[in-house]
Amino acid sequence: MGIVSPGFTGRRRGGAELPPGQYLTHEFPVLSAGPTPRVLPEHWEFTVANEAGEVSRWDWAALTSLPSEEITKDLHCVTRWSKLGTEWKGVSLDVLLADVETAADYVLVHSYGGYTTNLPLEDLLDGQAWIAYEYDGEPLAAEHGGPARLLVPHLYLWKSAKWVRGLVLSDTEDLGFWETAGYHEYGDPWKEQRYAGD
Ligand SMILES: Nc1nc2c(c(=O)[nH]1)N[C@H]1C(S)=C(S)[C@@H](COP(=O)(O)O)O[C@H]1N2
Ligand SMILES: [Mo]
C-alpha cells in the first residue's frame, strides 16, 4: 500500500520544487542553435550600449578583475529539463551596469555567432543576473558558452545567452532569436511562459 500525501502536487528534491512541466536531469545538455563560436579570452570583449548610443567596454582583463560572486542556481530549459544546484562564478550585472546612464526598459542581448535574446532591464538587476565565466570550479567550456555567458536563471535558459558579447539598452522591446520564432517574450518558468501568448 502506498502512502499518498493529500495536496501534494509538486515534485520535490532537496526542498526544491520543479516548475510546472519540467523534469529533473543530472546531465548538462548542450543546446546551441548553431556552431560553437571559438572566442579566445584575448579577443573577447563585452559592450553595453545605452539608448543614447554611448558604449561601455570591458576586455577579458577588465571583466575578470571586477568583484565576482560564486552562485548556486537551478536551471530550467524550455525543452523541459531542469538541473538543480549548478555552481557558477561570474560578475553581477549590478556591477557592470552601475556606471551606465540609462532610463531604458528593455535589453537585447547579443552573442558571438549572432544569437540574440530580449528581456526587461530590471530582470538583469538586483542580484538576478551574471556574466559567468566559471562552471563547477572550471573555466566555462566553449559548448556551454565559454569564455563567458549571460546567466539569468529565474527565466527559461534560452535567455542565458552563451558567448555573450554585449547588451543594447532600448526604450522599446526588440525580440531576440527564439522570441521572434514564437517563444514567449518573457519566459517565466514558474508561469510556464513557453510560447507567445502563454
Ligand atoms: N549564443 C547562444 N546562446 C544560447 C543558445 C544558443 O543557441 N546560442 N541556446 C539557448 C538555449 S535554448 C538554452 S536551453 C541554453 C543551453 O545552455 P547549455 O547549452 O549550456 O545547456 O543556452 C541558451 N543560450
Ligand atoms: Mo533551451
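Located above this text is the structure these notes cover.
Note that the coordinates shown come from a computational prediction; the quantities given were computed from them, not determined experimentally.

1. Quick word on the site of ligand 1
And then number 1: Among the 19 residues in the neighbourhood of ligand 1, the closest are listed as Pro-29, Ala-33, His-144, Arg-149 and Lys-162.
And then number 2: Between His-144 and ligand 1, the recorded distance is 2.6 Å, taken from a side-chain N or O atom to an oxygen atom.
And then number 3: At 2.8 Å from an oxygen atom of ligand 1 is found a side-chain nitrogen or oxygen belonging to Arg-149.
And then number 4: About the coverage of ligand 1: the protein hides 97% of its 530 Å² of free accessible area.
And then number 5: Here the residues of the shell around ligand 1 are counted per class, giving 13 nonpolar, four polar and two charged.

2. Brief notes about the pattern of salt bridges
And then number 1: Enumeration over the complete set of coordinates arrives at five salt bridges.
And then number 2: Glu-192 serves as the salt-bridge partner of Arg-80, at 3.6 Å between the closest nitrogen and oxygen. Of this pair, Arg-80 sits in the loop between β6 (69-76) and β7 (81-92) while Glu-192 sits in the segment after α3 (177-180), and the two are 112 residues apart along the sequence.
And then number 3: Assessed through its relative accessible area of 37%, Arg-80 is described here as partly exposed.
And then number 4: With a shortest N-O distance of 3.0 Å, Arg-194 and Glu-192 are connected by a salt bridge.
And then number 5: Classification of Glu-192 by relative accessible area gives partly exposed; the value is 27%.
And then number 6: Salt bridges linked by common partners bring Arg-80, Glu-192 and Arg-194 together as one network.

3. Some words on the pairing of strand β4 (residues 45-49)
A regular strand places its side chains on the two faces of the sheet in alternate fashion.
And then number 1: The element β4 is extensively covered by neighbouring structure, given that four of its five residues are classed as buried.
And then number 2: Pairing of β4 with strand β5 (residues 55-59), which is carried by five bridges, proceeds in the antiparallel orientation. Its bridge partner lying in β5, Ala-49 is registered against Val-55.
And then number 3: Hairpin connection, β4 to β5: the antiparallel pair is bridged by five residues, and Gly-53 has positive phi, about 85°.
And then number 4: Here β4 pairs with strand β13 (residues 164-170) via three bridges, running parallel. Within β13, the residue paired with Val-48 across the bridge is Leu-167.

The rules behind each value
Residues numbered from 1 in each chain as written. Chains lettered and ligands numbered in written order. Predicted model: local features only at pLDDT ≥ 70, side-chain atom pairs only at ≥ 80, totals over all residues. Heavy atoms only, no water. Near = heavy atom within 4 Å. Polar contact = N/O pair within 3.5 Å; in protein donor to acceptor, adjacent residues only side chain to side chain. Areas by Shrake-Rupley, 256 points an atom, 1.4 Å probe, with all protein chains shown as cover. Nonpolar A, V, L, I, M, F, W, Y, C, P; charged D, E, K, R; others polar. Salt bridge = Lys/Arg side-chain N within 4 Å of Asp/Glu carboxyl O. Helix = DSSP H or I, 4+ residues; strand = E, 2+ residues; numbered from the N terminus. Buried < 20%, exposed > 50% of the residue type's maximum accessible area, 1.4 Å probe, protein only. Pairing = 2+ DSSP bridges.

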